[in-house]
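Chain by chain, the residues:
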Amino acid sequence: MKIAQVAPLYESVPPKLYGGTERVVSNLTEELVRRGHEVTLFASGDSVTSAELVAAAPRALRLDETVADPMPWNMIQLEQVREMAEQFDVVHFHVDLLHMPLARSLEVPVLTTLHGRLDLPDLGRFYRTFANHPLVSISDSQRAPMPPVKWAGTVHHGLPLDLLPYRAQPKGGYLAFLGRISPEKRPDRAIEIAARTCMPLKMAAKIDTANADYWRETIRPMIEAHPNVEFMGEIGEAEKAEFLGDAEALLFPIDWPEPFGMVMIEAMSCGTPVVAFRCGSVPEVIDDGVTGFVVETLDEAVAAVPRLAELDRRTVRRRFEMRFSAARMARDYERIYEGLMFWPHLRHRRTGRARRSFVPSPEEEALAGHRGAAADSRATGKTVSRHHL
């Protein structure tokens with residue numbers, strides 16, 4: 001198939017530092033190329049990809065100090081997509097809202113993966129307006145606040161199996177917190193857990209301008225008051241394997257409807273279990289008592305830390321391989337792309353291109369005996385990525 005992947009311009013693909021959506025787009029793009037598809041990636045010019053790159057901006061907007069307003073760059077990207085759309089069998093958007101009027105007018109099948117929270121008050125009216133546009137959720141829980149829309153499926157994120165290697169013997173003896181410093185991520189809970197368990201805590205996190213006051217007034221004083229807590233700032237992909245692999249556990253103490261939580265499967269890739277609060281996607285991602293512990297209170301989180309020794313890091317890694325590989329993610333999207341051709345309101349769109357056969361990955365062949373059957377995604381709204389093995 002000839003597939004367009006349209007990524008946000010805020011970060012490069014993959015991102016240099018923090019950037020969950022762009023990392024997902026990179027993993028999906030590279031796996032689709034490996035499986036024999038012709039992929040065009042619409043992203044910032046500093047992106048690195050084996051697909052054809054079409055750049056609306058020379059570099060990631062967040063890291064470009066010359067960019068005062070992102071809107072012109074986003075509009076340039078949409079115009080590039082419009083001009084090239086007839087070349088593709090499917091156009092897959094990973095951006096927020098601006099593309100919807102354009103997507104409605106394109107004469108090729110289109111799809112949007114929703115990567116963010118959907119419980120914001122203005123979004124209900126918006127998605128009712130564009131109710132026929134095919135959507136993909138990244139967890140079943142993400143759908144809860146939405147009005148009736150056209151769900152094409154749920155696809156959990158996936159990672160290349162060799163990106164973050166398994167580490168059987170962690171060397172650090174610490175708990176890890178990785179992500180953003182923000183109230184909904186609850187870094188204060190992570191610090192409290194470390195304080196009450198007398199465990200060292202390493203925090204690798206991004207501080208957005210919007211959360212500068214929260215950092216200055218709440219989190220930094222807490223860190224300064226606890227000598228067992230180390231703040232490392234924002235780290236890149238190269239440092240992540242060691243940071244997560246050497247941890248006894250990842251703390252994921254969120255207090256918001258997390259749509260997915262990429263860091264959880266990044267930790268699992270290393271064999272590192274996760275102690276996570278029961279919010280949003282957490283119960284879908286963490287197999288309680290197998291890949292970590294799902295808790296509801298601070299007391300339960302504190303009690304879970306001594307129980308980490310009960311978990312087998314090899315089992316954590318194996319469960320990651322079965323449920324959260326990039327190959328599984330790409331396979332799920334292939335089914336959805338094919339299913340779009342049968343949507344009644346998309347049948348008038350040109351879909352007559354010859355398609356390349358799908359090339360199975362080595363991990364697919366190795367894990368063939370462990371797979372669960374994925375649900376058919378053709379306009380049914382059923383999950384296609386839930387493999388509870």
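Residues numbered from 1 in each chain as written. Predicted model: local features only at pLDDT ≥ 70, side-chain atom pairs only at ≥ 80, totals over all residues. Heavy atoms only, no water.

(A) Geometry of the sheet that holds strand β9 (residues 201-206). Strand order across the open sheet formed by six strands is β10-β9-β8-β11-β12-β13, with parallel pairing between neighbours. If you trace the sheet from one side to the other, it starts and ends with β10 (229-233) and β13 (292-295), each paired once. On average, each strand axis in the sheet is tilted by 20 degrees relative to the strand beside it, whichever way the strands run. Direction of pairing for β9 relative to β10: parallel, over a ladder of four bridges. Its bridge partner lying in β10, Lys202 is registered against Glu230. Of the strands in this sheet, β8 (174-180), β11 (247-252) and β12 (274-277) are in contact with helix α8 (residues 262-269), which crosses β11 at around 165 degrees. (Pairing = 2+ DSSP bridges. Helix = DSSP H or I, 4+ residues; strand = E, 2+ residues; numbered from the N terminus. Axes fitted to C-alpha atoms, helices over the stretch in contact; angles between N-to-C directions. Contact = heavy atoms within 4.5 Å.)

(B) Molecular detail of a nonpolar patch on the surface. A cluster of nonpolar side chains, namely Met71, Met75 and Leu98, defines an oily patch on the protein surface of about 260 Å² accessible area. Mapped onto the fold, Leu98 is located in the loop between β4 (90-93) and α3 (100-105). (Patch = residues over 30% accessible without salt bridge, like charges linked within 9 Å, V, L, I, M, F, W, Y side chains within 5 Å. Areas by Shrake-Rupley, 256 points an atom, 1.4 Å probe, with all protein chains shown as cover. Salt bridge = Lys/Arg side-chain N within 4 Å of Asp/Glu carboxyl O.)

(C) Just the pairing of strand β2 (residues 38-43), in detail. Judged by how many residues are buried, β2 sits mostly within the fold: five of six residues are covered. Here strand β1 (residues 2-6) pairs with β2 via five bridges, running parallel. Among the inter-strand pairings, Val6 is bridged to a residue of β2, identified as Phe42. In the classification by handedness, the crossover that spans β1, the intervening helix α1 (residues 20-34) and the parallel β2 is right-handed. As paired elements, β2 and strand β3 (residues 52-55) share four bridges and run parallel to each other. (Buried < 20%, exposed > 50% of the residue type's maximum accessible area, 1.4 Å probe, protein only. Right-handed = clockwise from strand over helix to strand, strands pointing away.)

(D) Region of interest: the packing of α1 against helix α12 (residues 326-340). Remark: α1 packs on α12, axes separated minimally by 9 Å, with the N-to-C direction vectors making an angle of 75 degrees. Put simply, α1 runs roughly perpendicular to α12. Contact residues: α1 offers Val24, Asn27, Leu28, Glu31 and Leu32, while α12 offers Ala326, Ala327, Met329, Ala330, Tyr333, Glu334 and Tyr337. Considered class by class, the residues forming the contact of α1 with α12 number nine nonpolar, one polar and two charged. (Parallel < 35°, antiparallel > 145°, perpendicular 65-115°, else oblique. Nonpolar A, V, L, I, M, F, W, Y, C, P; charged D, E, K, R; others polar.)

(E) Main features of the side chain of Thr291. Here Thr291 lies in the loop between α9 (282-285) and β13. Given the relative accessible area of 0%, Thr291 is considered buried. Within polar-contact distance, the side chain of Thr291 engages the backbone nitrogen of Asp287 at 2.9 Å. Those residues in contact with Thr291 that lie beyond four places of it in its chain are Met268, Pro273, Val274, Val285, Ile286, Leu311, Val316 and Arg319. (Polar contact = N/O pair within 3.5 Å; in protein donor to acceptor, adjacent residues only side chain to side chain.)

(F) Expanded view of helix α11 (residues 313-323). Along α11, the residues classified as buried are Arg313, Val316, Arg317, Arg319, Phe320 and Arg323. For α11, the angular spread of the buried residues around the axis is 160 degrees, confining them to a single face. Against α7 (237-245), β11, α8, α9 and α12 lie the buried residues of α11. With a side-chain oxygen positioned 3.1 Å from the backbone nitrogen of Arg314, the residue opening α11 is Asp312. (Arc of directions from axis to C-beta.)

(G) Here's a closer look at the sheet that holds strand β6 (residues 134-137). Reading across the sheet, the seven strands line up as β3-β2-β1-β4-β5-β6-β7 and stay open at both edges, with parallel pairing between neighbours. Among the strands making up the open sheet, the edge pair consists of β3 and β7 (150-154). The mean angle between the axes of side-by-side strands here comes to 25 degrees, regardless of whether they run parallel or antiparallel. Helix α2 (residues 71-84) contacts β1, β2, β3 and β4 of the sheet and is inclined by roughly 155 degrees relative to β2. Along the sheet face, α12 touches β1, β4, β5 (110-114), β6 and β7 and points at about 140 degrees away from the line of β5.

(H) The confidence of the model for the protein, seen in detail. On average, residues of the protein carry a pLDDT of 90, and 88% of them reach 70 or more. Confidence over residues 351-358 falls short of pLDDT 50; this stretch has 19 contacts with residues more than four positions distant or in other chains. (pLDDT = per-residue confidence, 0-100.)

(I) Geometry of unusual backbone geometry. Cis geometry marks the peptide bond from Val13 to Pro14; its omega dihedral reads -5 degrees. In the Ramachandran plot, Arg186 falls in the positive-phi region, its phi being about 55 degrees despite a non-glycine side chain. You can see Arg186 is positioned in the loop between β8 and α5 (187-197). Phi is positive for Cys198, which is not a glycine, with a value near 60 degrees. For Cys198, the position within the fold is in the loop between α5 and β9.

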